[in-house]
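Listed here are the chains, written in short residue letters.
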Amino acid sequence: MKRSLSIFLILLLCWGCTKTNEQEHFLKDKTYREKVITRFNQRKEFAKNRSTQLFSVFDKDLNLQEKEALQFIYAYMPLNDMADYDGDFFLKQVRASFDARNSFDWGKTVPDELFRHFVLPYRINNENMDSARMVFLEELKPRLQGMSMKDAALEVNHWCHEKVNYTPSDMRTSGPLSTLRTSWGRCGEESTFTVTAMRSVGIPARQVYTPRWAHCDDNHAWVEVWTDGKWSYLGACEPETDLDMGWFTEPARRAMLVHTKVFGNYQGKDEVVRRSDNFTEINVVKNYADVNKIYVKAVDQNSNPVKDARIDFGLYNYAEFYPIVKKYTNDKGLVSLTTGLGDLLITASKNGAYTNKKVTVANIDTLVMVIGEGFFADASANINFTPPIEKDPFSVDESKKAENQIRLDKEDQMRADYRKTFIDSVAAYKFAEEKNINPAQTWKLFKKSHGNWKEIKKFIETAKNKDEADQTLSILELVAEKDLRDTRSDILEDHLYNTINKFKPEDYASKEIYLDYVLKPRIYFEWMIPYRAYLQNQFKDQFKGQNNEKVQQIKDWIIENITINNKENYYNLPITPKGVNELKISNELSRDIFFVALCRSFGIPARLEPAQKLPQYYNGEKWITIFFTKQNTEQPIVGYLHLNNTQSEFDPKYYSHFTIGKLKDGVFKTLDYDWDKKLSDFKDPMTLEVGEYRLITGKRGFDGTVYTHFEHFNIDKDKTENVDLRFRDLKVDGKVLGHIKTSNTVIGKDGKENKISDLKKKNAILMIWVEPGKEPTRHVMEEFKAAKQKYTNWNGHIAIMQNDEITNQSLNNDFFVNMPANYSVYKDKGNIIFNKAKSELGISGKVQKPLILILTPDGDIKFASKGYKIGIHEHVLKFLDNEI
């Protein structure tokens, strides 16, 4: 009896403990919890069309913490996630985050607020979602046991480097598991991957961005982690010996903005750039750069404050003034921004009226802008924009660098060994012969697919005959290179067979129309899914008649059934066509993609128009634009633009050297032509809607200053406007920066010593010190691709200098794949020349690589570039042509 009573008391005690834990709130602050629950209930009503897929998960056996964590996730998730994922997916993410919290000692030290905003959220940016955090936790958990939180963060980054390194790619962000399969990604993908890995083991982490650099045409993303009570930064998949180290340290000191979107209503101490119902955007630039807090006051023509005026803080980058921040004025007409000490073009607009002004941030406190005054200079104007000054680099303790480099080399080898498991040319050619398809084309597609080659092979194997096999290659040629790396076979099967079995190329105006605008799966940068069979079944027999009649029926159905909400889709990741149809709520871009998807699924050629991304269908003779209002059925009134190239020595590129913006609602919105599309590619006059436009051209000086030309003009109905594409010629500074004795020697690949003077060719000595594996060096090597012919024509000698710490393994053939033939690799034994150059250039801290020097035959340093400078080859070649 006593024993039974004891057991009963123990069970009662355990039940009491369980009950206490069960009742412990995840959202401990009652006021905050009530706000979340209110928002959750609003979202439940909002997403009622997907109620079963999203909310039935709450009928499962959830404890209180899981329920409240799920409610928090649902309260603030973007619209695309509500449309494209289900409740089980989100529950697995929530449980994985609690599993991580309980798996490591540091889990107990993470404050609830930081866990809520920087561990629990499943989404980092605009990536395709997957189950990465569960996979990562399983692999990392045994590796991190017994480590401190800081050491664990450093170790996770080493693990990330074992799996992934940097290579540029298009703007669509692959999910972490796709990046893992490929083994590389751009900085946005590396940082998404690394933040996912950190959160998967319970370390608070966030992806931070400089949306555009001020000193060169690019942007960058990296990672901040919270360890032992403070935030620190690190380069994603770029392990250093400690936190707060990275190749981008010096560029970040010249940043104008460093920001991140925080999931939900975040109440931290950072400056809030924007607060919405779903997220909090914070600005952390003061942690990196010298800054000034500036105020902008919008007034009307009578000097009265203007409330709700839109203020765009425009930074020159990619030949446009990119709005790094958009804000709206308060009832006093004021907004403020903490930003770096460079130049900005600020726009104030409301109700179609606007004004522009250039500001130098370091020299201003409050800028008063009179809305309606327009552009601050002449319609045709030359204006310089200067970035924050480049500072002497911080001193860095490099005592552990050699040891770290040994580990990095091993990790590079691990990645290389993984890549050896990909299909090779021999196997690809053999497979092609078995399938009786083009071997060279097959190998090219396999090679581009990287770790996804098995899915591509599986897709080709679905073909029942040679004709279908050839068609599999046709559709693979249509998709983007990134699609080859992360698209499953079943997705490709859906798009191919639900097109070729219903629609034939001979029924269209041309084969190109059929391939590009009916068969092609991708429409924009949406997550590609198998939507054709789904849409064909959902709308079976619903659209009838000729194509123009079907298009009108599709348009009417969308207007009647799809509610437009641009605010809720705050990551700007398009909703899939299936998601739009299920949720019945969409932002405008996703609705337009849905329209194109419906048209293509029913054999109607359709697209998003190249410049403004308006939905269009092809009626057999021309492209017809669709406007989603019942009243607006007329086509836009258009005129034409012909651009005249005033400089015959080069072919300007769109987004590199020039852009065109259309004035809409008081803001010049850049027309979205292809990146690096050359002026010569615009063979015919451009067709543009009538209205006011602005042409911007720019060349960037070596110090980062941009020498711009503005040209404002109008497009009138049926008339052709001729506009000169004017560029301002930059003078190259040819002063002597230092001197290196040309009797110093370097060691060639043959092991023989060569005097520096022996490297001379074309009256110049061009020397480049590189750092393989680091993003700045990868940019320089990648940019050789575009500059290759010019270096070949120069016919000089490019000397790649190898420091002692750079291994031969790092300088393999793949590293030089984009280079012209006129280069050689030399060992800078003892780093003697490198250290001499450092001394001559007056650098006391770490030298950021790549280091590029141009020497005269006598050893005078006439040109020097160090670190991260996008477009550096343009400056080098100009200097070689003009000064040496």
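Along each chain, residue indices are assigned from 1 in the same order as the chain's sequence is written. Residues qualify for local features only when their pLDDT is at least 70, as the model is predicted, and side-chain atom pairs are given and counted only at 80 or more; totals for whole chains, interfaces and linings, by contrast, use all residues. Remark: hydrogens and water are excluded; side-chain values derive from all non-hydrogen atoms of the structure.

Enquirer: How would you explain the overall build of the protein if you had to name every residue and give the values?
Expert: In this text, helices come from DSSP runs of H or I with a minimum length of four residues, and strands from runs of E with a minimum of two, each type numbered from the N-terminal end. Counting its secondary structure elements, the protein contains 27 helices and 36 strands. This radius of gyration counts C-alpha atoms alone. The globule rule is 2.2 Å times how many residues there are, raised to the power 0.38. The C-alpha radius of gyration computed for the protein amounts to 29 Å, which stays within 12% of the reference 29 Å derived for 884 residues, consistent with globular compactness. Based on the C-alpha atoms only, the size of the protein along its principal axes is roughly 95 × 85 × 80 Å. The 884 residues of the protein split such that 56% are buried. The long-range fraction of contacts in the protein, counting pairs at least 24 apart against all pairs at least 6 apart in sequence, stands at 68%. Here the Shrake-Rupley method, with its probe set to 1.4 Å, supplies the accessible areas, and only the displayed protein chains count as covering residues. Within the structure as shown, the protein displays about 38,200 Å² of accessible surface, and the carbon and sulfur contribution to it stands at 46%. Side chains of the protein give 127 positive and 125 negative charges; the mean places of these two sets differ by 2 Å. Burial classes follow relative accessibility: with a 1.4 Å probe on protein chains only, a residue under 20% of its type's maximum area counts as buried, one over 50% as exposed, and anything between as partly exposed. Whether two residues are in contact is decided by their heavy atoms: any pair within 4.5 Å suffices. His is not counted, nor are the chain ends, whereas Lys and Arg count as positive and Asp and Glu as negative. We put the charge of a Lys on NZ, of an Arg on CZ, of an Asp on CG and of a Glu on CD.

Enquirer: Provide a residue-level description of the sheet that holds strand 12 (residues 334-340), including the pertinent values.
Expert: The strand order across the open sheet formed by 3 strands is 12-9-15, and the pairing between neighbours is mixed. If you trace the sheet from one side to the other, it starts and ends with strand 12 and strand 15 (366-370), each paired once. For this sheet, the mean inter-axis angle between neighbouring strands, taken without regard to orientation, is 25°. As paired strands, strand 9 (residues 291-299) and strand 15 are joined by 5 bridges and run parallel to one another. The residue of strand 15 that forms the bridge with tyrosine 295 is threonine 366. DSSP-based pairing: two strands are paired if at least 2 bridges between them are found. In this description, a line fitted to the C-alpha atoms serves as the axis of each element, helices being fitted only across the stretch in contact, and the angle between N-to-C directions of two axes falls anywhere from 0 to 180 degrees.

Enquirer: I'd like to hear about the nonpolar core, residue by residue, with values.
Expert: Ile73, Tyr74 and Phe90 are the most contacted members of the largest nonpolar core, which totals 122 residues. Sequence-distant contacts of isoleucine 73, defined by excluding residues within four places in its chain, comprise Phe90, Val94, Leu120, Pro121, Tyr122 and Phe263. Grouped together as the second largest cluster of nonpolar side chains are 30 residues, Trp453, Leu478, Leu492 and Val518 included. Grouping buried Ala, Val, Leu, Ile, Met, Phe, Trp, Tyr and Cys residues that are joined through side-chain atoms within 4.5 Å yields what is termed a nonpolar core.

Enquirer: Before we move on, can you summarise the pairing of strand 16 (residues 380-385) with the specific residues and values?
Expert: The alternating pattern of strand 16 places Ala381, Ile383 and Phe385 on a buried face and Ser380, Asn382 and Asn384 on a face that is not buried. Here strand 16 pairs with strand 27 (residues 706-715) via 6 bridges, running antiparallel. Across the sheet, asparagine 384 pairs through a bridge with tyrosine 707, a residue of strand 27.

Enquirer: Let's hear about the pattern of salt bridges: which residues, and what values?
Expert: Every case where a carboxyl oxygen of Asp or Glu lies within 4 Å of a side-chain nitrogen of Lys or Arg is listed as a salt bridge. Applying the stated criterion across every chain yields a total of 46 salt bridges. Here glutamate 582 and arginine 50 are joined by a salt bridge, their closest N and O atoms 2.8 Å apart. In this pair, glutamate 582 is assigned in helix 23 (residues 577-583) and arginine 50 in the loop between helix 2 (30-46) and helix 3 (51-55), connecting sequence segments 532 residues apart. You can call arginine 50 buried: its relative accessible area is 5%. One salt bridge connects glutamate 390 with lysine 869, and the closest N-O pair in it is separated by 3.9 Å. Of this pair, glutamate 390 sits in the loop between strand 16 and helix 13 (401-419) while lysine 869 sits in the loop between strand 36 (860-866) and helix 27 (872-882), and the two are 479 residues apart along the sequence. Here the residues in one salt-bridge network are Arg143, Glu155, Glu162, Arg407 and Glu411, joined through shared partners.

Enquirer: Tell me what's going on with the sheet that holds strand 28 (residues 720-725), and back it up with residues and numbers.
Expert: Sheet architecture is open: 3 strands sit in the order 25-22-28, paired in mixed fashion. Single-partner strands in this sheet number two, and they are strand 25 (686-689) and strand 28. Direction aside, the axes of adjacent strands within the sheet are offset by 35° on average. Relative to strand 28, strand 22 (residues 638-645) runs parallel, the two sharing 6 bridges.

Enquirer: Summarise the packing of helix 8 (residues 132-144) against helix 11 (residues 187-200); cite the residues concerned and give the values.
Expert: Interhelical geometry of helix 8 versus helix 11 gives an angle of 65° and a closest axis separation of 8 Å. Two packed elements cross with a definite hand, and for helix 8 against helix 11 that hand is right-handed. Contact with helix 8, carried on its side by Ala132, Arg133, Phe136, Leu137 and Leu140, involves Phe193, Thr196, Ala197, Arg199 and Ser200 of helix 11 and no other residues of that element. In this count, Pro and Cys sit with the nonpolar residues alongside Ala, Val, Leu, Ile, Met, Phe, Trp and Tyr, while Asp, Glu, Lys and Arg are called charged and the others, Gly among them, polar. Its residues assigned to classes, the contact of helix 8 with helix 11 shows 6 nonpolar, 2 polar and 2 charged. By definition, any crossing whose near helix is turned counterclockwise from its far helix by less than a right angle is left-handed, and any crossing with a clockwise turn is right-handed.

Enquirer: Please set out the environment of histidine 779 residue by residue, giving values where relevant.
Expert: Its location among the elements puts histidine 779 in helix 25 (residues 775-794). Under the relative-accessibility criterion, histidine 779 is labelled buried at 11%. Taking the C-alpha atoms as reference, histidine 779 lies 48 Å from aspartate 556; in sequence the two are 223 residues apart. By the criterion applied in these results, polar contacts are pairs of N or O atoms within 3.5 Å in which, for protein atoms, one can donate a hydrogen and the other can accept it, and in which residues neighboring in sequence qualify only through two side-chain atoms. There is a polar contact of 3.1 Å between the side chain of histidine 779 and the side chain of tyrosine 166.

Enquirer: Describe in detail helix 26 (residues 832-840), supporting the description with residues and values.
Expert: Taken together, the buried positions of helix 26 are Ile833, Phe834 and Ala837. With its buried residues spanning 105° around the axis, helix 26 presents them on a single face. Projecting away from the buried face of helix 26 at angles above 90 degrees are the exposed residues Ile832 and Ser839. Of the residues flanking the end of helix 26, it is glycine 842, one or two places downstream, whose phi is positive at about 75°. Working note: the arc is built from the helix axis to C-beta atom directions.

Enquirer: Which residues make up the pairing of strand 27, and what values go with them?
Expert: Of all the 10 residues making up strand 27, 8 are buried; the element is thus mostly covered by neighbouring parts of the structure. The loop that links strand 26 (residues 691-700) with its antiparallel partner strand 27 comprises 5 residues; one of these, glycine 704, has a positive phi angle of about 100°.

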